[in-house]
Structure formats: structure tokens, C-alpha cells
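Letter by letter, the chains look like this.
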Amino acid sequence: MKYVVILIVLASLGSILYGFSIHEEQIALGNKCIGFGTVGIFLVAMPLFLYKESQGKKMKDYMLTEENIKKMRGEKAEKAENQ
């Protein structure tokens, strides 16, 4: 999966660079290449990367819930008392 994401990013960057290089001669094709490269990065590669990196992680650990707020307040109070 890692190499697929890298391949998509490199292909998208190549498409964007190619689009900018031919933009003066063929405006329509240049715009299409730039657009497809942008779509490749932001709508294909980024979601795949986020999915790959978030596997095995608990979303509850990253959410601000009452339990986590109490835990954070308790840790701060303990540090202040120990000093």
C-alpha cells in the first residue's frame, strides 16, 4: 500500500509538471494534466495514505470526551501537588 501511494503521488506530480510545461502551447491539454494531477494527489493519494496510517488506532484516544478531559485535569493536578 505504501508503494502504491508513493507511485500515485509521483505520477500526479509528474502530470502537474507536464501540464505546466505544455501549458503555453496546448492550453486545454495543460489544464487537464494539471487538474488530473491535483485530483490524484488530493482525492486518491491522500485518502489512501490516511487510511493506511490510521489502521490499528483507536479513534476514542484522539477525541475530546468527558473521560479524556477528566484524565487531563487529573494529570495537571497531580503534577502541581508533587512539585
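Presented here is an overview of the structure given in this document. This one's a predicted model, so the numbers in the text were calculated from it and none came from an experiment.

### Digging into helix 2 (residues 27–54)
(1) Moving on: If you check helix 2, its first and last C-alpha atoms are 39 Å apart, about what 28 residues at 1.5 Å a residue would give, namely 40 Å.
(2) Moving on: If you look at helix 2, its biggest bend is around 35 degrees, right at A45, and the proline P47 turns up within four residues after that.
(3) Moving on: Where the residues of helix 2 are buried, they touch helix 1 (2–22).
(4) Moving on: The first or second residue beyond helix 2 is G56, which carries a positive phi of 85 degrees.

### Focus: helix 1
Given 3.6 residues to a turn, an α-helix orients residues that are three or four positions apart in the same direction.
(1) Moving on: End to end, helix 1 covers 31 Å across 21 residues, agreeing with the expected 30 Å (1.5 Å per residue, within 8%).
(2) Moving on: Turning to helix 1, its buried residues are V5, S12, S15, I16, G19 and I22. Buried residues of helix 1, seen end-on, are gathered within an arc of 145 degrees and therefore sit on one face of the element. Exposed residues on helix 1 whose side chains face more than 90 degrees from its buried face are Y3, L7, L10 and L17.
(3) Moving on: On its buried face, helix 1 sits against helix 2.

### What about a nonpolar patch on the surface?
(1) Moving on: A grouping of V39, F42, L43, V44, M46, F49 and L50 is seen on the molecular surface, where their side chains present a nonpolar patch of about 650 Å² in accessible area.
(2) Moving on: By the element assignment, V44 lies in helix 2.

### A closer look at the packing of helix 1 against helix 2
(1) Moving on: Following both chains from N to C, one finds helix 1 and helix 2 inclined at 160 degrees, their axes separated by 8 Å at the closest point. By the angle class used here, helix 1 and helix 2 are roughly antiparallel. Between helix 1 and helix 2 lies a crossing of left-handed hand.
(2) Moving on: Class assignment of the residues belonging to the contact of helix 1 with helix 2 gives a composition of 16 nonpolar, 7 polar and 2 charged.

### What about the pattern of salt bridges?
(1) Moving on: Within the structure shown, the criterion is met by 2 salt bridges.
(2) Moving on: Across the salt bridge formed by K52 and E53, the nearest N and O atoms sit 2.6 Å from each other.
(3) Moving on: Across the pair E67 and K60 runs a salt bridge, and its minimum N-O distance is 3.7 Å.
(4) Moving on: When its relative accessible area of 47% is taken as the criterion, E67 is described as partly exposed.

Criteria and thresholds
Residues numbered from 1 in each chain as written. Predicted model: local features only at pLDDT ≥ 70, side-chain atom pairs only at ≥ 80, totals over all residues. Heavy atoms only, no water. Helix = DSSP H or I, 4+ residues; strand = E, 2+ residues; numbered from the N terminus. Expected span 1.5 Å × (residues − 1). Bend = angle between axes of the 7 residues up to and from the residue. Contact = heavy atoms within 4.5 Å. Buried < 20%, exposed > 50% of the residue type's maximum accessible area, 1.4 Å probe, protein only. Arc of directions from axis to C-beta. Patch = residues over 30% accessible without salt bridge, like charges linked within 9 Å, V, L, I, M, F, W, Y side chains within 5 Å. Areas by Shrake-Rupley, 256 points an atom, 1.4 Å probe, with all protein chains shown as cover. Salt bridge = Lys/Arg side-chain N within 4 Å of Asp/Glu carboxyl O. Axes fitted to C-alpha atoms, helices over the stretch in contact; angles between N-to-C directions. Parallel < 35°, antiparallel > 145°, perpendicular 65-115°, else oblique. Left-handed = near helix turned anticlockwise from the far one by under 90°. Nonpolar A, V, L, I, M, F, W, Y, C, P; charged D, E, K, R; others polar.

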